Amino acid sequence: MTTTLPAAYEESFSAVPAPIKMVRFSPSGRFMATGDTELQVKIWDGDQLVAAIDPHSHDEKIRPTENIRGLEFSVDEKLLFVAASDTVNAYSCETSELIWYHRPPRFFGFLIVSPQALAVSPNGTLAASFDYGSIATFTPGGEVQWRKSENYAPRRIAFSPKGKALVGVDAFNLCVWNAENGERVHRWRLENKVFTMAASLTEPLIVTRELHTLTIYDIDQFQRICQLPSGRGLPCLAMSPVDRLLASGEKTRIRLINLECQGVRDIDVSESSVLSLAFSADGKRIVAGCADGQVRSWDV
């Protein structure tokens, strides 16, 4: 079954809704956050819009390159972390008030530094990667815990299920860091360019999306498990928070792959291109942010 989420969602946008490039659910599933190509961030509680956020920069030099690169909820669901423009911001989920922000120093004193990705650990630690080659972790209140320069600046990051490791991928490298101090403990040099990554919340599994393949890694054993074929389309991946179910976006469909039994189910999305994917917190729905500005949902 396919539905459009929610009825009020479409009305909250302008006459021509912007493409939805990011969708995230809070840990309990109470909230859903969306970010679009016009830098509109919205937080939903069921079908009610509870917060609208404008993360645009006040610096005119930054505006031409502004982009939303990360959305993550805090563990207690009080905050939404947004990586946009040249800052990492923390907003109240109830009021959209800006609680704190972090703007990294400019490289060489004048080059703009932007966050590339965000991740939140099970214990609430926030991690952010930056495009000039560094990774930092923060307390939920915004205090920097550690910061490391890193040659392999990841464009996607995630914590291991227990929060002890941080994993990230750039175009040709997959790395694992100690989440407590930022020391790199392993690196895979990849043969094919990687476009995105998804992480399991229940097992130490990472899935990367290449041009024609999906590759699965065990980050505890530091080994590649297998490769699966992947169809053409924009690189979108999501892993179920409750089981071994993987969703991969392709040109006119979403492919659901059960990694336990290797069963496959295809969901037709020919009415619009899929730009982002997310599973609901209970794993019962797959949600897609689409190029036509709609958020669509299917029962898993």
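Residues numbered from 1 in each chain as written. Predicted model: local features only at pLDDT ≥ 70, side-chain atom pairs only at ≥ 80, totals over all residues. Heavy atoms only, no water.

Participant: An account of the overall build of the protein is requested, with residue identities and associated values reported.
Facilitator: Scanning the protein from N- to C-terminus turns up one helix and 28 strands. A compact globule built from 300 residues would reach a C-alpha radius of gyration of about 19 Å, and the protein, at 18 Å, matches this within 12%. Overall size of the protein, expressed as C-alpha extent along the three principal axes, is 50 × 45 × 35 Å. Buried residues in the protein amount to 52% of all 300 residues. Accessible surface, the protein: about 13,700 Å² in total, of which carbon and sulfur atoms supply 48%. (Helix = DSSP H or I, 4+ residues; strand = E, 2+ residues; numbered from the N terminus. Rg over C-alpha atoms; globule rule 2.2 N^0.38 Å. Buried < 20%, exposed > 50% of the residue type's maximum accessible area, 1.4 Å probe, protein only. Areas by Shrake-Rupley, 256 points an atom, 1.4 Å probe, with all protein chains shown as cover.)

Participant: An account of the nonpolar core is requested, with residue identities and associated values reported.
Facilitator: If you look at the biggest cluster of nonpolar residues, it comprises 16 residues, and the most contacted ones within it are Val 41, Ile 43, Ile 68, Leu 71, Phe 73, Leu 80 and Val 82. Secondary structure elements with two or more residues in this core: β3 (31–36), β4 (41–45), β5 (48–53), β6 (68–73) and β7 (79–84). Ignoring any residue separated from it by four or fewer positions in sequence, one finds Val 82 in contact with Val 41, Pro 55, Gly 70, Leu 71, Thr 87, Val 88, Asn 89, Tyr 91 and Leu 118. Counting residues in each nonpolar core, the second largest holds 15 residues, with Ala 247, Val 269, Leu 277 and Cys 290 among its members. (Core = buried A, V, L, I, M, F, W, Y, C linked by side-chain atoms within 4.5 Å. Contact = heavy atoms within 4.5 Å.)

Participant: Now, about the pattern of salt bridges: what can you tell me, with residues and values included?
Facilitator: Tallied over the entire structure, the rule returns twelve salt bridges. A salt bridge links Glu 250 to Arg 253; the nearest nitrogen and oxygen atoms lie 2.6 Å apart. With a closest N to O distance of 2.7 Å, Asp 266 and Arg 255 form a salt bridge. Here Arg 255 lies in strand β24 (residues 253–258) and Asp 266 lies in strand β25 (residues 263–268), a separation of eleven residues in the sequence. Through salt bridges with shared partners, a single network forms among Glu 250, Arg 253, Arg 255 and Asp 266. (Salt bridge = Lys/Arg side-chain N within 4 Å of Asp/Glu carboxyl O.)

Participant: Please give an account of the pairing of β3 that cites residues and values.
Facilitator: Extensive coverage of β3 is indicated by the burial of six of its six residues. Pairing analysis gives five bridges linking strand β2 (residues 20–25) to β3, with the strands arranged antiparallel. In the strand pairing of β3, Phe 25 is matched with Met 32. Where β2 hands over to β3, the hairpin turn is made up of five residues, of which Gly 29 adopts a positive phi near 90°. In this structure, β3 lies alongside β4, joined through five bridges in antiparallel fashion. (Pairing = 2+ DSSP bridges.)

Participant: So what's going on with the side chain of Thr 208? Residues and values would help.
Facilitator: Relative to the assigned elements, Thr 208 resides in strand β19 (residues 205–209). The class of Thr 208 is buried, set by a relative accessible area of 0%. At 2.5 Å, the side chain of Thr 208 and the side chain of Glu 210 are in polar contact. Here Thr 208 is in contact with Val 194, Thr 196, Met 197, Thr 213, Leu 214, Thr 215, Tyr 217 and Leu 237, once residues within four sequence places are set aside. (Polar contact = N/O pair within 3.5 Å; in protein donor to acceptor, adjacent residues only side chain to side chain.)

Participant: How would you explain the environment of Ser 200 if you had to name every residue and give the values?
Facilitator: Mapped onto the secondary structure, Ser 200 falls in the loop between β18 (196–199) and β19. In the structure, Ser 200 is positioned 68 residues away from Tyr 132 in sequence and 27 Å away in space, judged by C-alpha atoms. When residues no more than four places from it in sequence are discounted, the contact partners of Ser 200 are Pro 161, Leu 205 and Met 239. One polar contact links the side chain of Ser 200 to the main-chain amide nitrogen of Thr 202, over a distance of 3.1 Å.

Participant: Outline the sheet that holds strand β22 (residues 236–239), supporting the account with residue identities and numerical values.
Facilitator: In spatial order, the strands read β22-β23-β24-β25; together these four strands make up an open sheet with antiparallel pairing. With partners counted over all chains shown, the strands left at the sheet margins are β22 and β25, one partner each. Taking each pair of neighbouring strands and ignoring which way they run, the sheet shows an average axis angle of 20°. (Axes fitted to C-alpha atoms, helices over the stretch in contact; angles between N-to-C directions.)

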